[in-house]
Amino acid sequence: MIEKHIVLEEIDPALIYGVNNANLQMIKALFPKLRIVARGNVIRAMGDDEVLTTFENYIKQLEEHGARYNSLKEEVLLDIFNGNRPAVERESDVIVFSVTGRPITPRSENQLRLVKSYKENDMLFAVGPAGSGKTYTAIALAVRALKNKEVKKLILCRPAVEAGEKLGFLPGDMKDKIDPYLQPLYDALEDMIPPQKLKEFMELNVIQIAPLAFMRGRTLNDAVVILDEAQNTTIPQIKMFLTRMGMNTKMIITGDLTQIDLPSSTRSGLSHAMHILCDIKGIGIIEMNKKDIVRHKLVTKIVEAYEKEKSANSPLMDKSAAQRELSQNYLSHAEQARNLDA
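Residues numbered from 1 in each chain as written. Predicted model: local features only at pLDDT ≥ 70, side-chain atom pairs only at ≥ 80, totals over all residues. Heavy atoms only, no water.

**Q** An account of helix H3 (residues 49–69) is needed here, citing residue identities and associated values.
**A** With 21 residues, H3 extends 30 Å between its outermost C-alpha atoms, agreeing within 8% with the 30 Å of an ideal straight helix rising 1.5 Å per residue. Taken as a whole, H3 has its buried residues at Leu52, Phe55, Tyr58, Ile59, Leu62, Glu63, His65, Gly66, Ala67 and Tyr69. Asn70 lies just past H3 and shows a positive phi near 55°. (Helix = DSSP H or I, 4+ residues; strand = E, 2+ residues; numbered from the N terminus. Expected span 1.5 Å × (residues − 1). Buried < 20%, exposed > 50% of the residue type's maximum accessible area, 1.4 Å probe, protein only.)

**Q** Can you explain the packing of helix H5 (residues 109–120) against helix H6 (residues 134–147)? Please cite residues and give values.
**A** Between H5 and H6, the least distance of the axes is 10 Å, while the angle of their chain directions is 35°. Both H5 and H6 take part in a crossing whose hand is right-handed. Listed contacts from H6 to Gln111, Leu114, Val115 and Tyr118 of H5 are Lys134, Thr137, Ala138, Leu141, Arg144 and Ala145. In the contact of H5 with H6, the residues fall into six nonpolar, two polar and two charged. (Axes fitted to C-alpha atoms, helices over the stretch in contact; angles between N-to-C directions. Left-handed = near helix turned anticlockwise from the far one by under 90°. Contact = heavy atoms within 4.5 Å. Nonpolar A, V, L, I, M, F, W, Y, C, P; charged D, E, K, R; others polar.)

**Q** Kindly report on unusual backbone geometry, identifying the contributing residues and their values.
**A** Residues other than glycine seldom take positive phi values, yet Asn70 does so here, at roughly 55°. Considering the arrangement of structural elements, one finds Asn70 in the loop between H3 and helix H4 (74–81). Classification of Asn70 as buried rests on a relative accessible area of 3%.

**Q** I'd like a rundown of the pairing of strand S10 (residues 249–255), residues and numbers included.
**A** It is a general feature of regular strands that their side chains alternate between the two faces of the sheet. Of all the seven residues making up S10, seven are buried; the element is thus mostly covered by neighbouring parts of the structure. Side-chain alternation along S10 places Thr249, Met251, Ile253 and Gly255 on one buried face and Lys250, Ile252 and Thr254 on a second face that is also buried. Looking at chain direction, strand S6 (residues 123–127) and S10 are connected through five bridges and run parallel. When the sheet's bridge partners are listed, Phe125 is paired in S10 with Ile253. In this sheet, S10 lies alongside strand S9 (residues 223–227) in parallel orientation, the contact comprising five bridges. (Pairing = 2+ DSSP bridges.)

**Q** Which residues make up the sheet that holds S9, and what are the values?
**A** Ordered by their spatial adjacency, six strands build an open sheet running S8-S7-S9-S10-S6-S11, and the pairing between neighbours is parallel. Both edges of this open sheet fall to strand S8 (207–211) and strand S11 (283–287), since each of them pairs with a single strand only. Along the sheet, successive strands turn relative to each other by an average axial angle of 15°, direction set aside. Against the sheet, H6 makes contact with S6, strand S7 (153–158), S8, S9 and S10, and its axis sits at roughly 165° relative to S10, the strand it touches most.

**Q** Provide a residue-level description of the sheet that holds strand S3 (residues 42–47), including the pertinent values.
**A** Taken in spatial order, the three strands make up an open sheet running S1-S3-S2, and their pairing is antiparallel. The sheet is open, and its two edges are formed by strand S1 (2–7) and strand S2 (35–39), each paired on a single side. Strand-to-strand twist across the sheet, computed as the mean angle between neighbouring axes with direction ignored, equals 15°. As paired strands, S1 and S3 are joined by six bridges and run antiparallel to one another. Bridging from a neighbouring strand, Val7 pairs with Val42 of S3.

Fair warning: the whole summary comes from geometry, so function is off the table for now.
Structural data, given as structure tokens:
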């Protein structure tokens, strides 16, 4: 009798074992000639060499399927065992699959433009109102690149700027102090990567989440790097961030120019960067609008109400509106230039 140890490296073992070990029990039933014991991410199997080889190939196929689709249903276990291709609902625009197996796809025209522009450019600016999916789509693209082994790590960061209110002293160590600013990034990752695998990635620094200030002095190679809430960067800060770009790296910069929380005397680094970089080949700019909002339907109405109130009661544009209009002018200019080149 021979014993083999199969280490599950690409998947959360709980996905293979199933709820209450239901999948594991089925696997044992499919291979009655083997003695199978699972502990953590290691499956030990004892039996004849030929059956063990078949079993090992079977587990590896399950692991590949689970890593890609974040789902291992009973029928999938049977299909793979019988040598059939699992019947998985595929969509041409799927970016990645959520932890529940739900396909994550672009949900608006501009989200689709963002996905397509990612293939064509190494640096992307995605600007638009709250709820337009710019950050979520960017993180989905980054997770896909990591799963496909196109990059070795994901680096997600935000400027630690208070949104109007004064939070005062935050207790705890450095991680405790900065985590509240970074929670939206955690939320998106938790929707796409199983908890145990996400924890492992973060412990190994495969996925790094940090405030913008921690980027200084680094050269970021073989990575997808996302700067979220970039409207709250100063000009020196965003310049510092953009110049961290190394070999085989893609950068996605997201922000909303209507929600700038910088002091009134400070110009947003995001609007400035879009101004001076819009005509550079390899840099894409996607501007989203209220039609792209994919949150509760009331969010769209709230955005519209604030836009109407601002235009009705303020003959002079505030700083955010002025910077947004400035960026739109640059985008329009860049689009005209591209059309002439075409």
